[in-house]
Amino acid sequence: LACSIFIMRSLQKSMEAAVEGLIEDGMTGTGNNLQIYSALIEDLQFFWEVYIAPAGGSLCSLALSEDAQEALDAVRRLIVSSVDEVLAQEKTSDDAIPAVAMARVLSSVDVSSSVHSLAEALLREYTLTIYPNFRRHIFHEWACKEAKERDHLSTNDDYLVPI
């Protein structure tokens, strides 16, 4: 749950800010948005180290559903391949690894949608598997709603309490 909240509250906002900065700079990174790009890189480093690192992230110790595990693996592959791509390109130049090139690759549509899919998969995992009281509650709510819509609710029904 914490990972999906971090993605939605911090990481996606950093990605959106980086995209806006890149658009403002004309995809060159010549403007004054280096702090935004650095913040995105820091957020992604935190995300990797704390949540999704294969050997030490908090998600590596959980038994995830197939859907959530596939989303996690996809995010790992995309981030690693994106960073490797930038590092390979930058080894040919003498400059340090530029934050602009890293931000451009890490805020791409592929990475952003993959991270969003992971957040959704983790939320589904939490609500349907890890915290089953939520599952029981939502099904109860749906049953009450259906019964209310169809007028099949009796006055002495102990199980279906109208909402």
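Look above for the structure.
As the structure is a computational prediction, the values presented were derived from the model and not from experiment. (Residues numbered from 1 in each chain as written. Predicted model: local features only at pLDDT ≥ 70, side-chain atom pairs only at ≥ 80, totals over all residues. Heavy atoms only, no water.)

(A) Up close: the overall build of the protein. Each helix and strand in the protein was counted, giving 6 helices and 0 strands. Starting at the N terminus and walking to the C terminus, you meet the elements of the protein as α-α-α-α-α-α. Buried residues in the protein amount to 34% of all 163 residues. Within the protein, counting contacts between residues at least 6 apart in sequence, those at least 24 apart form 60% of the total. Summing over all exposed atoms, the protein offers an accessible surface of approximately 10300 Å²; the carbon and sulfur share of this is 55%. (Helix = DSSP H or I, 4+ residues; strand = E, 2+ residues; numbered from the N terminus. Buried < 20%, exposed > 50% of the residue type's maximum accessible area, 1.4 Å probe, protein only. Contact = heavy atoms within 4.5 Å. Areas by Shrake-Rupley, 256 points an atom, 1.4 Å probe, with all protein chains shown as cover.)

(B) Seen up close, the side chain of glutamate 125. For glutamate 125, the position within the fold is in helix H5 (residues 109–130). Buried charged residue glutamate 125 carries no salt bridge. Nearest counter-charge: arginine 124, at 7.6 Å. Here serine 65 takes part through its side chain, which lies 2.6 Å from a polar atom of the side chain of glutamate 125. (Lys, Arg positive; Asp, Glu negative; His and termini not counted. Salt bridge = Lys/Arg side-chain N within 4 Å of Asp/Glu carboxyl O. Polar contact = N/O pair within 3.5 Å; in protein donor to acceptor, adjacent residues only side chain to side chain.)

(C) Seen up close, the packing of helix H1 (residues 2–24) against helix H2 (residues 34–52). Remark: H1 packs on H2, axes separated minimally by 9 Å, with the N-to-C direction vectors making an angle of 155 degrees. The orientation of H1 with respect to H2, classified from their angle, is roughly antiparallel. Where H1 crosses over H2, the two elements pack in a sense that is left-handed. Here H1 contributes Ala2, Cys3, Phe6, Ile7, Ser10, Leu11, Ser14, Met15, Ala17, Ala18, Gly21 and Leu22 to the contact with H2, which in turn contributes Ile36, Tyr37, Ala39, Leu40, Asp43, Leu44, Phe46, Phe47 and Tyr51. Class assignment for the residues of the contact of H1 with H2 results in 17 nonpolar, 3 polar and 1 charged. (Axes fitted to C-alpha atoms, helices over the stretch in contact; angles between N-to-C directions. Parallel < 35°, antiparallel > 145°, perpendicular 65-115°, else oblique. Left-handed = near helix turned anticlockwise from the far one by under 90°. Nonpolar A, V, L, I, M, F, W, Y, C, P; charged D, E, K, R; others polar.)

(D) Fine view of the pattern of salt bridges. Inspection of the entire model under this criterion finds 2 salt bridges. A salt bridge links arginine 124 to aspartate 67; the shortest N-O distance between them is 2.6 Å. Of this pair, arginine 124 sits in helix H5 while aspartate 67 sits in helix H3 (residues 66–90); the two residues are 57 residues apart in sequence, bridging distant segments of the chain.

(E) Molecular detail of the nonpolar core. Judged by nonpolar contacts, the single largest core of 35 residues is most densely connected at Ile7, Leu11, Leu44, Phe47, Ile52, Val115 and Leu118. Mapped onto this core, the elements with two or more residues apiece are H1, H2, H3, helix H4 (99–106) and H5. (Core = buried A, V, L, I, M, F, W, Y, C linked by side-chain atoms within 4.5 Å.)

(F) Region of the structure containing H3. Over its 25 residues, H3 runs 36 Å from end to end, which matches the ideal 36 Å to within 8%, given 1.5 Å per residue. For H3, the complete set of buried residues consists of Ala68, Ala71, Leu72, Val75, Arg76, Ile79, Ser82, Val86 and Glu90. (Expected span 1.5 Å × (residues − 1).)

(G) Representation of the packing of H3 against H4 in the model. Closest axis-to-axis distance for the H3/H4 pair is 9 Å, and the angle between their directions is 150 degrees. Between H3 and H4, the interaxial angle falls into the category roughly antiparallel. For the pair H3 and H4, the crossing hand works out as right-handed. Residues Ser82, Val83, Glu85, Val86 and Glu90 of H3 lie in contact with H4, whose contacting residues are Ala101, Met102, Val105 and Leu106. Class assignment for the residues of the contact of H3 with H4 results in 6 nonpolar, 1 polar and 2 charged.

(H) Expanded view of the environment of glutamate 66. Assignment of secondary structure puts glutamate 66 in helix H3. C-alpha of glutamate 66 to C-alpha of glutamate 125: the two residues are 59 residues apart in sequence and 9.9 Å apart in space.

(I) Here's a closer look at the packing of aromatic side chains. Scanning the model with the defined rule gives 5 aromatic pairs in all. With a centroid separation of 6.4 Å and 50 degrees between ring planes, the pair formed by phenylalanine 47 and tyrosine 51 is classed as tilted. Here the residue phenylalanine 47 and the residue tyrosine 51 both occupy positions in helix H2, the gap between them amounting to 4 residues, near one helical turn. Side by side, phenylalanine 47 and tyrosine 51 carry an identical accessibility label, which is buried. The rings of Phe6, Phe46, Phe47 and Tyr51 are connected pair by pair, giving a single aromatic cluster. (Phe/Tyr/Trp six-rings, centres within 6.5 Å; stacked < 30°, edge-to-face > 60°.)

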